[in-house]
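# Inside the fold
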Number of protein chains: 2
Amino acid sequence: MPPLVVAHLGPRGTNTETVALVYGEQHQERTGQAVEFFPCPSIGKTLEAAAQRLVDVAIVPVENSTEGGIAITLDCLWAAENLKIQQELVLPITHVLLSRGKLLADLTKVVSHPQALGQCQKWLGAHLPQVSLVPANSTTEAIQIIGDDPTAAAIASPRAATLFDLSVLQTDIQDYPDNCTRFWAISSEGYLAGSHTTLAFSVPRNVPGALVAPLQLLAQRNINLSRIESRPTKRSLGEYVFFMDLEASQTEPRLQEALEKLKQYTEVLKIFGSYPTKVLQLADLQHFHPPGWSSPS
Amino acid sequence: MPPLVVAHLGPRGTNTETVALVYGEQHQERTGQAVEFFPCPSIGKTLEAAAQRLVDVAIVPVENSTEGGIAITLDCLWAAENLKIQQELVLPITHVLLSRGKLLADLTKVVSHPQALGQCQKWLGAHLPQVSLVPANSTTEAIQIIGDDPTAAAIASPRAATLFDLSVLQTDIQDYPDNCTRFWAISSEGYLAGSHTTLAFSVPRNVPGALVAPLQLLAQRNINLSRIESRPTKRSLGEYVFFMDLEASQTEPRLQEALEKLKQYTEVLKIFGSYPTKVLQLADLQHFHPPGWSSPS
């Protein structure tokens, strides 16, 4: 049996790689099939690899509880013809401050991805008001940038500490304790399993009440909407595609009915599949954190 | 009369500064009052300056037609107690490639804010596949980073070409021709004028249909919803604040009625005011572009 090939955003040590490793480990335990990884430089390229069947599965971030939706993932899904969500994985985000130096007081700059800098801005303002904040394309690139400079630190994942042998100056520096990121495992081979369904649609014209009928179809059938997000169509400002996450499966008649009726009210309707969702625990992550790691929270 | 003080995100040469300059020029023409500018390092600090009445008005970006909503602006508005939207200004975004060098073929790196790099990624992939893409905290910082290096270019605004005396290697390199950014002029002195209203609310529990009643109240009164966006409450994943832009004014009885009834269905309801909206034209921008500039589109 050939190995399962898993594409993921970013180089080694990023949060998306951690989720890909957990996904791969759990797939191998369940099926016995070997797993190979295929790192990609952008979310667009990761999803393209799955759409073109160069890989079996693509792991991409969808939404962070602090920073909000990741627009490019939604836009690429809308633009693709054949991608389906297989599984949702929710990773509790732990940002750690890593350095070759040993003291906070010695630091003059902190490097990270702008999202990570944004998620730690209160902590940085309170504890390191003097440092300059330097953006990088990924948390792993941040570690390359700091190099051996003991006056520089990077914000990265706990896994990066082990992988690149750096000192952990401080753990859990994120401003909001419940900081989580949702990831999707996406494939061109969808299957109809799991309690959540994601869909997106455009409406014929932007008229009053264009959203009322779609939402009513769902509410009448007691289907909870766990998220709604409008994305610009990019044709012109003010025209939107609506993305919705529903707490129901396509195997249920109530959702099948709602989807059938929904077609009357939408211009283009895309259903990205039904899938299970799993919040990753320390036990899931134990092979990918520094030895003896336990988050203090 | 003391001058009107206008805070804006970012250093000189950014798109937000351009909008602040246009706002100031038009205010001065209309009222005769002088205008002073107060540049701020982040969206949070810009809005804080207005909330604390250190300045009269804050200019911040809200949404780009390609990249989507700017989460931090919505989050800061939700968290503030007393901020109101005075005016909406829509800026057509023109990204230009600026350098000390003269030839595309000589370039080895392109520096810009990650949003600008993202908005030009197709053009960059097609015309400069060999260059490395380097993130910066703003388009103006990108210009500082390229310095006098003729093998480096920055993506910035047309205004930056004049301000920093750089060669324009290429204009309009954005991937989508209708790329616009909406900005809001925000103040702690709100007034009820203009055709658009923005509000946000949380709902008591995330139950099926929590959004149906609010949307129905609006649709029944023929009030168009031009945008909806859910933002995480940051209390826990899956809990949202809903932001809505409405095409109606608080001076109209139909909206007053809808807002009164809306209180029944919401936990916290915040109304950020009614305001006029204006799409900036070349004539509005003529003092802030290079001499003789006319966009080719």
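Keep in mind the model is a prediction, meaning the values are calculated, not measured. (Residues numbered from 1 in each chain as written. Chains lettered and ligands numbered in written order. Predicted model: local features only at pLDDT ≥ 70, side-chain atom pairs only at ≥ 80, totals over all residues. Heavy atoms only, no water.)

## With respect to the domain arrangement of chain A
Think of interface size as the accessible area that goes away when the parts come together; that is how it is often given. All names here are of chain A. According to the domain assignment, chain A consists of domain 1 (1-93 + 179-190 + 277-292), domain 2 (96-177) and domain 3 (194-275). In this structure, domain 1 and domain 2 have C-alpha centres spaced 24 Å apart. Facing 17 residues of domain 1, the contacting portion of domain 2 comprises 17 residues. Taken together, the links from domain 1 to domain 2 amount to one salt bridge. Across the salt bridge formed by Arg-159 and Glu-17, the nearest N and O atoms sit 2.8 Å from each other. Here domain 1 and domain 2 share four residue pairs in polar contact (both at pLDDT 80 or more) between them. In terms of residue class, the side of domain 1 that touches domain 2 is made up of six nonpolar, eight polar and three charged. (Domains from an automatic or database assignment. Contact = heavy atoms within 4.5 Å. Salt bridge = Lys/Arg side-chain N within 4 Å of Asp/Glu carboxyl O. Polar contact = N/O pair within 3.5 Å; in protein donor to acceptor, adjacent residues only side chain to side chain. Nonpolar A, V, L, I, M, F, W, Y, C, P; charged D, E, K, R; others polar.)

## Quick look at the sheet that holds strand 10 (residues 167-170) of chain B
Residues and elements named next belong to chain B. A sheet is described by the order of its strands in space; here five strands give the open sequence 8-7-9-6-10, paired in mixed fashion. A single partner strand is all that each edge strand has here, and the edge strands are strand 8 (132-135) and strand 10. Averaged over all neighbouring strand pairs, the angle between strand axes comes to 35°, with direction disregarded. Summarising the sheet, strand 7 (residues 109-112) and strand 9 (residues 152-156) pair through three bridges and their orientation is parallel. The residue of strand 9 that forms the bridge with Val-110 is Ala-153. In the packing of helix 6 (residues 139-146) onto the sheet, contacts are made with strand 6 (96-99), strand 7 and strand 9, and the angle to strand 9 comes to roughly 165°. (Pairing = 2+ DSSP bridges. Helix = DSSP H or I, 4+ residues; strand = E, 2+ residues; numbered from the N terminus. Axes fitted to C-alpha atoms, helices over the stretch in contact; angles between N-to-C directions.)

## With respect to the sheet that holds strand 6 (residues 96-99) of chain A
All names here are of chain A. The five strands are arranged 8-7-9-6-10 in an open sheet whose pairing can be described as mixed. With one partner strand each, in any of the chains shown, strand 8 (132-135) and strand 10 (167-170) form the two edges of the open sheet. Between one strand and the next, the sheet's axes are offset by a mean angle of 35°, whatever the strand orientation. Strand direction decides the pairing type here: strand 7 (residues 109-112) and strand 8, joined by four bridges, are parallel. Looking at the pairing, Lys-109 lines up with Ser-132 of strand 8. Helix 6 (residues 139-146) rests against strand 6, strand 7 and strand 9 (152-156) of the sheet, and its axis sits at about 165° to strand 9.

## What to know about helix 8 (residues 212-220) of chain A
Looking at helix 8 of chain A, one finds that the buried residues are Val212(A), Ala213(A), Pro214(A), Leu215(A), Leu217(A) and Leu218(A). Against strand 12 (196-202), strand 13 (225-232), strand 14 (240-246) and helix 9 (253-262) of chain A together with helix 8 (212-220) of chain B lie the buried residues of helix 8 of chain A. The first or second residue beyond helix 8 of chain A is Asn222(A), which carries a positive phi of 60°. (Buried < 20%, exposed > 50% of the residue type's maximum accessible area, 1.4 Å probe, protein only.)

## Remarks on the relation of the copies chain B and chain A
When chain B is fitted to chain A, the best match, at an RMSD of 0.0 Å, comes from turning it 180° and sliding it 0.0 Å along the axis. Taken together, the rotation and translation relating the two chain copies correspond to the operation of a two-fold axis. Residue Glu229(B) of chain B places its C-alpha closer to the rotation axis than any other residue of that unit, at 2.5 Å. Interface residue correspondence from chain B to chain A reaches 100%, placing this contact among same-surface, isologous pairings. (Least-squares fit on C-alpha atoms with pLDDT ≥ 70 in both.)

## Topic: the interface of chain B and chain A
Taken together, the 47 residues of chain B in the interface contact 47 residues of chain A. When the two sides are added together, the surface that chain B and chain A hide from each other amounts to roughly 3500 Å², 57% of it contributed by carbon and sulfur. Connecting chain B to chain A are two residue pairs in polar contact (both at pLDDT 80 or more). Of all the elements in the fold, those that place two or more residues in the side of chain B that touches chain A are strand 3 (57-64), strand 4 (68-69), helix 3 (71-79), strand 8, strand 11 (180-187), helix 8, strand 13 (225-232) and strand 14 (240-246) of chain B. Partitioned by chemical class, the residues of the side of chain B that touches chain A number 22 nonpolar, 15 polar and ten charged. (Buried area = accessible area lost by both parts, 1.4 Å probe.)

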